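Chains, contacts and geometry: an overview
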Amino acid sequence: MVQFGVGQPVPRTEDNRLLIGKGSYTDDITEPQQAHAYVLRSPMAHARIKSVDVSEATSAPGVIAVYTGADIEAAGLGPVPCLVAALPNRDGSPMKLPPRPLLQKDYVRYVGDSVAMVVAETPNQAKDAAELIFVDYEELPAIADSEGAAAPDAPKAWTDGDSNVCFDWEFGDEAKAEEAFQSAAHVTALRLVNNRLVVNSMEPRAASAVYDAANDKFTLTLGSQGVFNMRRQICKQILNIPEEKLRVVTKDVGGGFGMKGFMFPEYPLVVWAAKETGRPVKWTGDRSDAFLTDTQGRDQITKAELALDKDGKFLAVRMNTIGGVGAYGSQFGPAIPTLAAVGMHVGVYDIPVQYNHVQCVLTNTTPLDAYRGAGRPEASYIIERLVDTAAKELGIAADELRKRNFVGPEKMPYESPSGVNFDSGEFERNLLDAYKNADVQGFEARQAKRKAAGQLSGLGVSYYVERTGGSNIEYAKVEINPDETVTLWIGTQSTGQGHETAFAQVVAEKLGVLFENITVRSGDTEKLNNGTGTGGSRSLYLGGGAATNASNDAIEKGKDIAANELEAAAADIVYADGRFAIAGTDRNIGLFDVARVAATQASSDDLQALVGDGVYEQDGNTYPNGCHICEVSIDPETGVTAIDRYTVVDDFGKVMNPLLLAGQVHGGIVQGLGQAIGENVVYDASGQLLTGTFMDYWMPRADDFPMFDFSYNEIPCTKNPMGVKGCGEAGTVGALAAYVNAVVDALKEYGVSHVDMPITPEKVWALLNEKNAA
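Source: prediction; values computed, not measured.

**Some remarks on helix H12 (residues 427–437)**
Inspection of H12 places Phe427, Asn430, Leu431, Ala434 and Tyr435 among the buried residues, and these make up the whole buried set. All buried residues of H12 fall inside an arc of 135 degrees around its axis, so they share one side. Turning to H12, the residues buried within the fold contact helix H11 (398–405), strand S19 (421–422), strand S20 (456–465), strand S28 (625–634) and strand S29 (641–651). Where H12 terminates, the next one or two residues include aspartate 439, which has phi positive at roughly 50 degrees.

Rendered as structure tokens:
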């Protein structure tokens with residue numbers, strides 16, 4: 001193993017430049033003669049646009065152009081597509097979604113909907129001019145509550161729709177589920193809320209476009225999770241231009257969490273405006289704009305049931321969910337409460353029957369889509385709350401009930417009736433290790449000590465599993481340079497995960513070259529033939545597989561050159577530790593010597609002649625899993641809840657870099673706990689966003705958490721050569737139920753059996769005072 005190869009705790013190399021301000025983000029771009037765009041947003045949640053008067057704005061200082069929905073329609077630009085719109089309802093009828101033009105011409109459907117775009121010499125001039133646009137609105141009834149939107153008599157979010165239910169979906173066998181529940185010795189039932197969240201990436205969205213009139217080509221730079229998907233959509237579905245006419249570039253990205261993988265109106269708008277104005281055009285959103293217009297997450301209300309026999313064995317699980325999609329079907333919006341979590345509601349348990357019915361509803365609110373975990377945190381929360389509640393109702397220890405129902409390692413590979421395909425896993429081992437690390441045996445003593453100090457105390461357990469992947473193919477290119485460096489181009493996209501370090505480790509070990517001489521690049525449609533992008537916690541094993549295959553390709557090409565230089569047959573050449581050699585002899589030539597030979601043989605403008613191309617495709621998903629244990633204390637006088645201990649034992653297969661892994665898990669836990677503790681989007685009845693700033697929207701902070709006790713068991717995945725299971729979202733998936741179970745455990749002496757997220761101090765205080773008053 002090389003010093004900085006696979007399995008080593010290599011610190012993030014990209015941090016050296018990012019921490020001293022040498023990162024390069026979209027808003028850092030300044031092109032010659034660059035103009036600036038500002039998008040006018042709707043102040044109303046639902047209204048008919050009677051007229052738009054841009055005359056004053058057009059004549060304002062510095063204004064180059066003002067565009068409205070009428071201009072977009074006249075130009076023939078397509079709407080922002082929903083990529084899952086073809087999914088049928090359970091009766092076979094098509095999904096019903098309103099179109100989403102780049103700029104609205106006739107109706108606005110949420111506060112923040114795009115109405116007009118001003119292009120001016122400076123950002124402030126564009127913003128000032130936008131304030132001069134007069135839009136005559138006829139306000140219409142609005143609906144902002146997803147559960148209320150499902151009612152037949154609710155105001156319609158879409159004037160052409162006869163119902164707010166845009167997608168009626170089911171999975172599983174309803175009749176078998178009913179039969180199982182009828183025969184059950186015990187049924188646990190809960191109504192569960194997965195509260196709505198703002199993504200709040202550190203870097204707001206931004207896009208910059210340049211049009212090269214001489215060659216009739218565009219370059220779009222934006223913060224994304226994958227440039228090729230952006231190019232396909234803009235070219236094929238919106239601007240209707242050949243893909244070779246548009247180059248898409250992504251530089252550093254300050255957080256994505258799913259949201260930056262999606263198309264937004266501003267991206268094709270700046271591309272189109274760059275040609276219309278003959279000027280480079282840049283748009284940068286601010287934090288207020290992000291609260292209104294970035295896709296949001298979660299927003300699901302579920303009536304969940306778990307059926308058990310007399311011995312505590314699980315017979316069936318059944319869910320009826322209302323899932324919000326917002327005012328429009330975002331890219332994957334309707335798939336998040338449905339396909340993204342399909343089969344995952346059984347968790348790690350041997351449950352023979354599952355039935356899941358979901359109604360996706362339109363509301364006059366910001367569109368929703370994937371947010372870290374994308375359906376799997378919601379599913380894990382449901383099954384783990386059911387299991388914990390069932391244990392309390394039956395008087396069975398929670399760990400014992402879980403162990404009775406785990407899928408055992410002897411059953412691996414295991415295919416559940418719900419379609420989950422576990423290739424490996426030792427769930428009881430991880431549970432027992434977590435109990436030991438968390439010192440669960442010592443909890444009663446700690447609880448007694450806190451009680452003596454006037455505090456309540458609770459212990460919560462969650463055993464999660466998540467399915468990673470989504471798209472199971474990735475692309476890479478390795479360039480062996482004459483200057484003794486290696487450049488890896490990878491189709492996935494870093495948004496802060498540490499890709500520059502991780503993939504350099506893979507290449508360093510494969511090629512046997514110095515880690516510090518490897519540069520990892522991504523985010524340029526002119527450097528690779530294709531790329532899938534980041535999402536679904538798949539980057540490491542797909543990108544690592546592609547990087548490995550690209551390295552292998554470079555080695556094979558190098559063997560031909562080495563054979564010629566060593567005057568041997570290519571079949572006799574072997575490669576190891578950065579050198580080509582004739583098998584069985586000491587005659588050899590270095591990798592970079594071969595690269596220099598290749599460069600001299602190449603054309604004068606191609607100095608990376610030794611290039612390896614790699615594609616990796618995986619059959620099936622990976623299933624990371626683990627046990628979270630949360631210990632809390634509550635001050636009954638204030639309702640303030642503190643997390644005293646948090647323990648995790650995970651299974652991510654083979655671990656490539658322990659430091660990067662711990663960082664991903666820690667971040668995921670915090671985002672999950674953020675939802676459980678305080679994050680919450682609130683709209684009033686008219687559709688106005690009440691939590692539109694950090695003054696009103698709670699965010700987790702470092703001092704809200706203890707040091708996390710994180711460890712792992714390496715149980716290799718059998719679905720990829722690296723043995724890796726995805727890790728990027730796992731912390732979030734396990735955290736929700738662990739925290740809620742802990743708080744409910746602390747409140748059990750007050751007769752509390754459930755508390756909906758977010759569990760704020762006010763909510764806890766009110767519950768305690770209500771019980772005391774009773």
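**A look at the packing of aromatic side chains**
For the structure on display, the rule yields 20 aromatic pairs. Ring centres 5.7 Å apart and planes at 65 degrees place the aromatic pair phenylalanine 427 and tyrosine 463 in the edge-to-face group. Taken together, the positions of phenylalanine 427 in helix H12 and tyrosine 463 in strand S20 put the pair 36 residues apart, joining distant regions of the chain. On the basis of relative accessible area, phenylalanine 427 is assigned to the buried category, the value being 1%. Seen from the ring of phenylalanine 264, arginine 205 lies directly overhead, with NZ or CZ sitting 3.8 Å from the centre. Above the plane of the ring of phenylalanine 181 lies arginine 318, whose end atom (NZ or CZ) is 4.1 Å from the centre.

**Concerning the sheet that holds strand S12 (residues 246–249)**
What the seven strands build is an open sheet, ordered S3-S5-S1-S13-S10-S11-S12; its pairing is mixed. Each edge of the open sheet carries a strand with a single partner, namely strand S3 (63–68) and S12. Strand after strand, the sheet turns through a mean of 20 degrees between neighbouring axes, direction not considered. Here strand S1 (residues 35–41) runs beside strand S5 (residues 114–120); their pairing, made up of six bridges, is antiparallel. Among the inter-strand pairings, alanine 37 is bridged to a residue of S5, identified as valine 119. Docked against the sheet, helix H4 (residues 123–130) engages S1, S3 and S5, running at close to 30 degrees with respect to S1. Packing against the sheet, helix H8 (residues 266–277) makes contact with S1, S3, S5, strand S10 (206–212), strand S11 (217–222), S12 and strand S13 (281–284), and its axis sits at approximately 30 degrees to S10.

**Topic: the layout of surface pockets**
Roughly 520 Å³ of internal volume is contained in the second largest pocket. Contributing to the lining of the second largest pocket are 25 residues, with Tyr38, Val39, Lys127, Asp286 and Asp289 lying nearest its centre. Mapped by element, the contributors of at least two residues to the lining of the second largest pocket are S1, H4, strand S6 (134–139), S13 and helix H9 (287–293). Sorting elements by how many residues they give to the lining of the second largest pocket places S1 first, with six residues. Broken down by class, the residue content of the lining of the second largest pocket amounts to 13 nonpolar, five polar and seven charged.

**Some points on the packing of helix H7 (residues 227–239) against H8**
At their nearest, the axes of H7 and H8 sit 11 Å apart, and the two run at 70 degrees to each other. In this view, H7 runs roughly perpendicular relative to H8, as classed from their interaxial angle. Between H7 and H8 the crossing geometry is right-handed. The residues of H8 that touch H7, namely those facing Met230, Ile234, Ile238 and Leu239, are Tyr267, Pro268, Val271 and Trp272. For the contact of H7 with H8, the residue count by class is eight nonpolar, no polar and no charged.

**Thoughts on the state of the cysteines**
Under the criterion given, the structure shown has zero disulfides. Sulfur of cysteine 166: no disulfide; nearest cysteine sulfur belongs to cysteine 360 and is 5.5 Å away. Cysteine cysteine 727 is unpaired, with the sulfur of cysteine 717 as its nearest cysteine sulfur at 13 Å. Taking the relative accessible area as the measure of exposure, cysteine 727 reaches 17% and is therefore buried.

**A short note on empty space enclosed by the protein**
The gaps of empty space that remain are located by a probe, the size of a water molecule, rolled over the atoms. The tally for this structure, following the rule as stated, stands at three cavities of 30 Å³ or more. Of the pockets and cavities examined, the largest cavity occupies roughly 60 Å³. What lines the largest cavity is Gly226, Val227, Phe228, Trp489, Ile490, Gly491, Thr492, Gln493, Ser522, Gly523, Asp524 and Leu528. Counting only elements with at least two residues in the lining of the largest cavity, the list comes to H7 and strand S22 (486–490). When the residues that make up the lining of the largest cavity are grouped by side-chain class, the tally is five nonpolar, six polar and one charged.

**Side note on the pattern of salt bridges**
For the structure shown, the criterion picks out 52 salt bridges. Here aspartate 294 ties to arginine 205 by a salt bridge, and the two come within 2.8 Å at their closest N and O atoms. Placement of aspartate 294 in the loop between H9 and strand S14 (296–297) and of arginine 205 in the loop between strand S9 (197–198) and S10 is noted, with a sequence separation of 89 residues between them. Residue classification places arginine 205 among the buried positions, given a relative accessible area of 2%. Its salt-bridge partner being glutamate 378, residue arginine 298 comes within 3.8 Å of it at the nearest N-O pair. Of this pair, arginine 298 sits in the loop between S14 and strand S15 (300–308) while glutamate 378 sits in helix H10 (residues 376–394); the two residues are 80 residues apart in sequence, bridging distant segments of the chain. Within the structure, one salt-bridge network assembled from shared partners comprises Glu384, Asp388, Lys392, Arg402, Asp745 and Lys748.

**Describing helix H6 (residues 174–183)**
Along H6, the residues that are buried comprise Ala177, Ala180 and Phe181. The buried residues of H6 occupy one face: seen down the axis, they fall within an arc of 95 degrees. Those residues of H6 that are exposed and angled more than 90 degrees off the buried face are Ala175, Lys176, Glu179, Gln182 and Ser183. Elements in contact with the buried residues of H6: strand S8 (186–194), S15, strand S16 (314–326) and strand S17 (353–362).

**Side note on the side chain of threonine 691**
As for its position among the elements, threonine 691 is in the loop between helix H17 (658–677) and strand S30 (708–712). Note on threonine 691: relative accessible area 7%, which makes it buried. Within polar-contact distance, the side chain of threonine 691 engages the backbone nitrogen of valine 682 at 3.0 Å. What threonine 691 contacts, discounting residues up to four positions off in sequence, is Phe291, Asn680, Val681, Val682, Asp696 and Tyr697.

**Notes on the pairing of S17**
It is a general feature of regular strands that their side chains alternate between the two faces of the sheet. Among the 10 residues of S17, nine are classified as buried, and the element is accordingly described as predominantly covered. Pairing geometry for S16 and S17, over 10 bridges, is parallel. By the bridge assignment, methionine 319 is partnered in S17 with asparagine 356.

**Here we look at unusual backbone geometry**
For the peptide bond that leads from methionine 412 to proline 413, omega is -5 degrees, which places it in the cis range. Here proline 413 is to be found in the loop between H11 and strand S18 (414–415). The peptide bond linking methionine 757 to proline 758 adopts the cis configuration, its omega dihedral lying at -5 degrees. In this structure, proline 758 sits in the loop between helix H18 (730–746) and helix H19 (761–773). Even without being glycine, aspartate 439 reaches a positive phi, approximately 50 degrees. With respect to the secondary-structure elements, aspartate 439 resides in the loop between H12 and helix H13 (443–452). On the basis of relative accessibility, which here comes to 34%, the residue aspartate 439 falls in the partly exposed class.

**A short note on the nonpolar core**
Membership of the largest hydrophobic core comes to 87 residues, with the highest contact counts inside it found for Tyr349, Ile629, Ile643, Tyr646, Leu673, Tyr739 and Leu747. Among the elements that line this core, the one with the most residues is H18, at 12 residues. Look past the residues within four positions of isoleucine 643 in its chain and what remains in contact with it is Cys630, Glu631, Val632, Leu673, Ile677, Asp704, Phe705, Pro706 and Tyr739. Core analysis: the second largest hydrophobic core is formed by 55 residues, Ile72, Leu239, Met259 and Phe264 among them.

**Thoughts on the environment of threonine 295**
Within the secondary structure, threonine 295 is located in the loop between H9 and S14. In this structure, the C-alpha to C-alpha distance between threonine 295 and arginine 247, residues 48 residues apart in sequence, is 25 Å. Sequence-distant contacts of threonine 295, defined by excluding residues within four places in its chain, comprise Val199, Met259, Phe262, Phe264, Ser330, Pro367 and Asp369.

Criteria and thresholds
Residues numbered from 1 in each chain as written. Predicted model: local features only at pLDDT ≥ 70, side-chain atom pairs only at ≥ 80, totals over all residues. Heavy atoms only, no water. Buried < 20%, exposed > 50% of the residue type's maximum accessible area, 1.4 Å probe, protein only. Helix = DSSP H or I, 4+ residues; strand = E, 2+ residues; numbered from the N terminus. Arc of directions from axis to C-beta. Contact = heavy atoms within 4.5 Å. Phe/Tyr/Trp six-rings, centres within 6.5 Å; stacked < 30°, edge-to-face > 60°. Lys NZ or Arg CZ within 6 Å of the ring centre and 35° of its normal. Pairing = 2+ DSSP bridges. Axes fitted to C-alpha atoms, helices over the stretch in contact; angles between N-to-C directions. 1 Å grid on protein atoms, 1.4 Å probe; cavity = no way out; pocket = protein on both sides within 12 Å on 5 of 7 lines; lining within 4 Å. Points joined across faces, edges and corners; volume = space filled by probe spheres on them. Nonpolar A, V, L, I, M, F, W, Y, C, P; charged D, E, K, R; others polar. Parallel < 35°, antiparallel > 145°, perpendicular 65-115°, else oblique. Left-handed = near helix turned anticlockwise from the far one by under 90°. Disulfide = S-S within 2.5 Å. Salt bridge = Lys/Arg side-chain N within 4 Å of Asp/Glu carboxyl O. Polar contact = N/O pair within 3.5 Å; in protein donor to acceptor, adjacent residues only side chain to side chain. Core = buried A, V, L, I, M, F, W, Y, C linked by side-chain atoms within 4.5 Å.

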